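# A closer look at the structure
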Amino acid sequence: MAFIQLVISGVLQGGLYALIALGLTLTLGVMRITDLSYGVYYTLGAYFSFFFIIKLGFNFVLAGILSVVLAFLIGLLVERLLLRRIISDELSVMILTFAFAYALEEIIVFVWGSPFRTLPPYAIGTLNIGGILLEKQRLVSFAVAVVLIVLVLLFLKKTRFGKALRMVSQQQHGAYLVGIDVQLIQRLTFAVGSFLAASAAVLLSPIYLVYPAMGWSPLLKAFGIVILGGMGSVKGTIIAAFALALIEVLSSYYINQSLSQVSFFVVLILVILIRPSGLFGNREGV
Amino acid sequence: MKEKKLNLIFILFWLIALLLVPPLFPRYLLHVFIIAHIYAAFALSWDLLAGYVGELSLGHSLFFGLGAYSIGYLSGKFGVDPWLSIGISCIVTVVWGLLIGLPCLRLRGPYLAIVTLAFQMLFFLLANSLYNLTGGEEGIRNIERVFNSTESYYYLSVFLVIIAFIICYLLVSSKYGLIFRTIRENPEAAEAAGVNIVNYKMLGYMVSALIAGLAGSYQALYLKIATPDTLSMALTFSAITIVAIGGKGTLVGAVLGSYVTTFIFDRFAFLKDYKMLMYSIVLVLCVLFFRNGLAGAVKRVLLWRKMGVDNMPGGGKA
């Protein structure tokens, strides 16, 4: 029974990991940059919803929507004002995004202080199905995450914009030649990435603590998932997210509680050693 | 070759100036200089990697902290002779550099940056939480005193930073430096010319880890304590900002940058609380608008007279 319980909580966790990593994999594929500020949109999402719910007393649906829209707009601005100038220089992009992430973290400390915050859950209580306990909060978060992921996948497959996005990811020059506005696609993809990171934060902030440096751990996990799944492969990313969540949950239960952090690094190093292109990666594009 | 001459003149003046500091300036300034030298050595090690080899190490304080904690363990906990423990801590940092570098440097792209960042955060977490092993936030105290006077510590710090500078300088101005730059600018061409990219990157990474570890060891010896701060992201971030202010890929820039920042924060003590906020904003601005840093600006002034027709872009040859 314990095993089933663990697998279920691993899956619930995996849905949110997939949501976080999906945005990063899109940005990596379409923009060909290493965005180290990705975690900051997670932090911003959590702090915006903290601000709207606790400080302004909005209800959580309105607060969540406002938070992710704000994150989307900030993503647009950052791409236009900061990244666009130096996008061809790989090292500068990494330094700039690292610096930007750190700057926003310090600004958050400045504005909202550094103490740990909690947000009230928007679904209280647990379900008991045949002895398996499920927190309603986690179920709701998982459901919303899955809906968002499916929407993004449909968007990539069905719409003209999604088609153009996949084209830019596969063959940037080719996309340029057939008249796709590559810059516009890149800008919107970056903003969609920010949106996805912020929405994961909105869904997770009632479960975890909210604090200024909270964005780094999701950033590293998202990178780990993307590397494990294969750079640029959406399918690989989603599978890797669930795999990683299961490994974490199972190893922390069966081996050692504090191992859940370490197991992630072990998996990451092993992947880099044995199969650096990841499970599904051969740079086939999104 | 004007640059070589400038660098030699710089080292000479710098050394003379440093030897004149203790007799001419008050005792308390020595402490500021020592701190600046620790940062300078650490920033040099980061610049060697980012400015020449073309790899970012975003968790570089990992090596600084490993150096500091090695001293803390050996000298503070087991009472090993401090000089011997410096030697052992060098070995520890280089071995860790190998363990991280071997899988990551074989691959192109951001792998090294992300994996070092991950390891730095993991070690920071462990240093804070494993109270029995690392003393938690308190860190390891009781590191044996090696000198009685601040002057002696000062001269050791001068020795440290000059040695770090000379090692980096010799490395980048030798044939290795040329190969580093080729790898950075055009890895395919380097490979086609028969260069084993991984080996050269490893060499740069090892030397960088070694110097960072030495800086950390020295700081632990000087402050007689090793705390989790030596493993923090803020420390890496300071080094990156120092290099960006001074000018990436110049070595001189790392030294200039660390003097400037250390003395600014010493003069205006009230700024201390906003140090990281200012660093991060300055770094963003430097990357966007001040790419060559102070060293670039100085060089432009010094070489300005020589900038005749033949140095103009596209001119001279026609």
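These lines cover the structure that appears in this document, whether it is placed above or below.

Rules used in this analysis
Residues numbered from 1 in each chain as written. Chains lettered and ligands numbered in written order. Predicted model: local features only at pLDDT ≥ 70, side-chain atom pairs only at ≥ 80, totals over all residues. Heavy atoms only, no water. Helix = DSSP H or I, 4+ residues; strand = E, 2+ residues; numbered from the N terminus. Rg over C-alpha atoms; globule rule 2.2 N^0.38 Å. Buried < 20%, exposed > 50% of the residue type's maximum accessible area, 1.4 Å probe, protein only. Contact = heavy atoms within 4.5 Å. Areas by Shrake-Rupley, 256 points an atom, 1.4 Å probe, with all protein chains shown as cover. Buried area = accessible area lost by both parts, 1.4 Å probe. Salt bridge = Lys/Arg side-chain N within 4 Å of Asp/Glu carboxyl O. 1 Å grid on protein atoms, 1.4 Å probe; cavity = no way out; pocket = protein on both sides within 12 Å on 5 of 7 lines; lining within 4 Å. Points joined across faces, edges and corners; volume = space filled by probe spheres on them. Pairing = 2+ DSSP bridges. Core = buried A, V, L, I, M, F, W, Y, C linked by side-chain atoms within 4.5 Å. Phe/Tyr/Trp six-rings, centres within 6.5 Å; stacked < 30°, edge-to-face > 60°. Lys NZ or Arg CZ within 6 Å of the ring centre and 35° of its normal.

## So, the overall build of chain A
When helices and strands are counted, chain A shows eleven helices and two strands. Ordered by position in the sequence, the α and β elements of chain A form the string α-α-α-α-β-β-α-α-α-α-α-α-α. On C-alpha atoms alone, chain A measures out to a radius of gyration of 19 Å, which is about the 19 Å that the 2.2 N^0.38 rule sets for 286 residues. The dimensions of chain A, computed from C-alpha atoms along their principal axes, are 60 × 45 × 35 Å. When burial is assessed residue by residue, chain A has 56% of its 286 residues classed as buried. Summarising the internal contacts of chain A: among those between residues at least 6 apart in sequence, 77% fall at separations of at least 24. Of the roughly 12,200 Å² of accessible surface on chain A, 69% is carried by carbon and sulfur atoms.

## What to know about the interface of chain B and chain A
Taken residue by residue, the interface counts 36 residues in chain B and 34 residues in chain A. Roughly 3,300 Å² of surface becomes buried between chain B and chain A when both sides are summed, with 86% attributable to carbon and sulfur atoms. Its largest share of buried area at the contact with chain A, chain B owes to Tyr111, Ile114 and Leu288 of chain B, together 17% of the area lost on that side. Joining chain B to chain A, the criterion identifies one salt bridge.

## Regarding helix α6 (residues 160-170) of chain A
Of all the positions in α6 of chain A, only Gly162, Ala164, Leu165, Arg166, Val168 and Ser169 of chain A are classed as buried. Among the structural elements, α1 (2-31), α5 (136-158), α7 (172-177) and α8 (182-204) of chain A are those in contact with the buried residues of α6 of chain A.

## Some points on empty space enclosed by the protein
All names here are of chain A. For the structure on display, the rule yields three cavities of 30 Å³ or more. Taken as a whole, the largest cavity spans an internal volume of roughly 70 Å³. Looking at the largest cavity, the residues that line it are Leu36, Gly39, Val40, Thr43, Ala101, Glu105, Pro212, Ala213, Gly215, Trp216 and Leu219. Of all the secondary structure elements, the ones that give two or more residues to the lining of the largest cavity are α2 (38-55), α4 (90-112) and α9 (216-229). At three residues, α2 tops the list of elements feeding residues into the lining of the largest cavity.

## A short note on the pairing of strand β2 (residues 132-135) of chain A
Residue and element names in this part refer to chain A. Burial along β2 is one-sided: Ile132 and Leu134 are buried, and none of Leu133 and Glu135, which face the opposite way, are. Direction of pairing for strand β1 (residues 126-129) relative to β2: antiparallel, over a ladder of four bridges. Within the sheet, the bridge partner assigned to Leu127 lies in β2 and is Leu134.

## Quick word on unusual backbone geometry
Residue and element names in this part refer to chain B. The phi torsion at Lys224 lies on the positive side, around 60 degrees, for a residue other than glycine. Inspection of the secondary structure assignment puts Lys224 in the loop between α10 (197-223) and α11 (233-246). In this structure Lys224 comes out as partly exposed when scored by relative accessible area, which is 24%. Within the chain, Leu251 stands out as a residue other than glycine whose phi angle is a positive 65 degrees. Position of Leu251 among the secondary structure elements: in the loop between α11 and α12 (252-267).

## Digging into the nonpolar core
Core analysis: the biggest nonpolar cluster contains 187 residues, and Phe98 of chain A together with Leu56 and Phe165 of chain B have the highest contact counts within it. When residues in this core are grouped by element, the largest group, 17 residues, is from helix α2 (residues 27-53) of chain B. Each residue touching Phe98 of chain A, except ones within four places of it in the same chain, is listed here: Leu36 and Trp216 of chain A together with Leu58, Leu117, Met233, Phe237 and Ile240 of chain B. Counting residues in each nonpolar core, the second largest holds seven residues, with Ile71, Ile86, Ala220 and Leu221 of chain B among its members.

## Some details on the side chain of Ser208 of chain B
Residue and element names in this part refer to chain B. Inspection of the secondary structure assignment puts Ser208 in helix α10. What makes Ser208 buried here is its relative accessible area of 0%. With residues up to four places along the chain from it excluded, the contact list for Ser208 reads Ser45, Trp46, Leu48, Leu49 and His60.

## Examining the packing of aromatic side chains
The relation between two aromatic rings is expressed through the spacing of the ring centres and the mutual angle of the planes. As enumerated under the stated definition, the model contains 32 aromatic pairs over all chains in all. Between Phe52 of chain A and Phe58 of chain A the ring centres are 5.6 Å apart and the planes differ by 5 degrees, which places this aromatic pair in the stacked class. You can call Phe58 of chain A partly exposed: its relative accessible area is 29%. Aromatic pair Phe33 of chain B and Phe263 of chain B: ring centres 5.1 Å apart, planes at 70 degrees, arrangement edge-to-face. Placement of Phe33 of chain B in helix α2 and of Phe263 of chain B in helix α12 is noted, with a sequence separation of 230 residues between them. You can call Phe33 of chain B buried: its relative accessible area is 12%. The rings of Tyr47, Phe50, Phe51, Phe52, Phe58 and Trp112 of chain A are connected pair by pair, giving a single aromatic cluster. Above the face of the Tyr176 of chain B ring, Lys175 of chain B is positioned so that its terminal group lies 5.3 Å from the ring centre. Positioned over the ring face of Phe265 of chain B is Lys275 of chain B, at 5.5 Å from the centre of the ring.

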